[in-house]
Amino acid sequence: PVSNGDAIICEGETTPQLSVSVGADETANWYDAPAGGTLLQGGSTTYTSTETAVGFYTYYVETENITSGCVSLTLTPIQFEISENPSGINAQLEECDLDGDGFTEFDLTEANSAISLNTSYTYTYYPTLNDAQNGTGSLSNIYTNTDTPNQTLYVVISNPTSCSSIVELTLTVN
């Protein structure tokens, strides 16, 4: 069979259907090992993994001729990865109010190392949880608070596999 592609999802996402293409009068059988494995699903060009834990999984697929019952000598590997969501903690930034009006400029990137020490993560700041969840209305890294003396922002942390988590960033003006 010919693989229709490997799959990568983030932890907690819906498991996609893996698939292969086969010729006319052929079907596919899915195994958990390249030789001597357990048949996971027979007679189907698609398979949905039951795995839910973070990790790398490989499935092996053979072609079976529907008429003769003959199977391919080699199995095609299909990989499935469940990537871990990035982890971070809520953080706080404090700045002094030099003119006494309750508002000041913050460099939001100063919170990154407090949120997570993982240098491969990217950080995007949002004014509301809804904006963070929908990826709309992101803020610039240099930001002046709009609520005083405290304001909560939301930070989307993304890892290199595009998995993400949301944490809170509290801005405090002293």
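Residues numbered from 1 in each chain as written. Predicted model: local features only at pLDDT ≥ 70, side-chain atom pairs only at ≥ 80, totals over all residues. Heavy atoms only, no water.

Chemist: So what's going on with the packing of aromatic side chains? Residues and values would help.
Modeler: Counted according to the given criterion, the structure contains 3 aromatic pairs. What links up through ring pairs into an aromatic cluster is the set Trp30, Tyr47 and Tyr59. (Phe/Tyr/Trp six-rings, centres within 6.5 Å; stacked < 30°, edge-to-face > 60°.)

Chemist: Requested: an account of the state of the cysteines, with residues and values cited.
Modeler: A full pass over the atoms with the stated rule returns 1 disulfide. In this model Cys10 forms its disulfide with Cys163; the gap between the sulfur atoms is 2.1 Å. The chirality of the disulfide connecting Cys10 with Cys163 is left-handed, given an S-S dihedral of about -95°. A residue pair is termed long-range when its members are at least 10 positions apart, and Cys10 in strand S2 (residues 7-10) and Cys163 in the loop between strand S13 (150-158) and strand S14 (164-173) qualify at 153 residues. Exposure class is identical for Cys10 and Cys163. Each is buried. (Disulfide = S-S within 2.5 Å. Helix = DSSP H or I, 4+ residues; strand = E, 2+ residues; numbered from the N terminus. Buried < 20%, exposed > 50% of the residue type's maximum accessible area, 1.4 Å probe, protein only.)

Chemist: Explain the nonpolar core to me, using residue names and the numbers behind them.
Modeler: Residues Leu108, Ile115, Leu169 and Leu171 are the most contacted members of the largest nonpolar core, which totals 18 residues. Element by element, the count of residues in this core is highest for S14, at 4 residues. When sequence neighbours within four positions are dropped, the list of residues in contact with Ile115 reads Gly88, Ile89, Ala91, Tyr123, Val155, Ile157 and Val167. With 13 residues, the next largest nonpolar core counts Leu18, Val20, Ala28 and Phe80 among its residues. (Core = buried A, V, L, I, M, F, W, Y, C linked by side-chain atoms within 4.5 Å. Contact = heavy atoms within 4.5 Å.)

Purely spatial values, then, with no claim about function.
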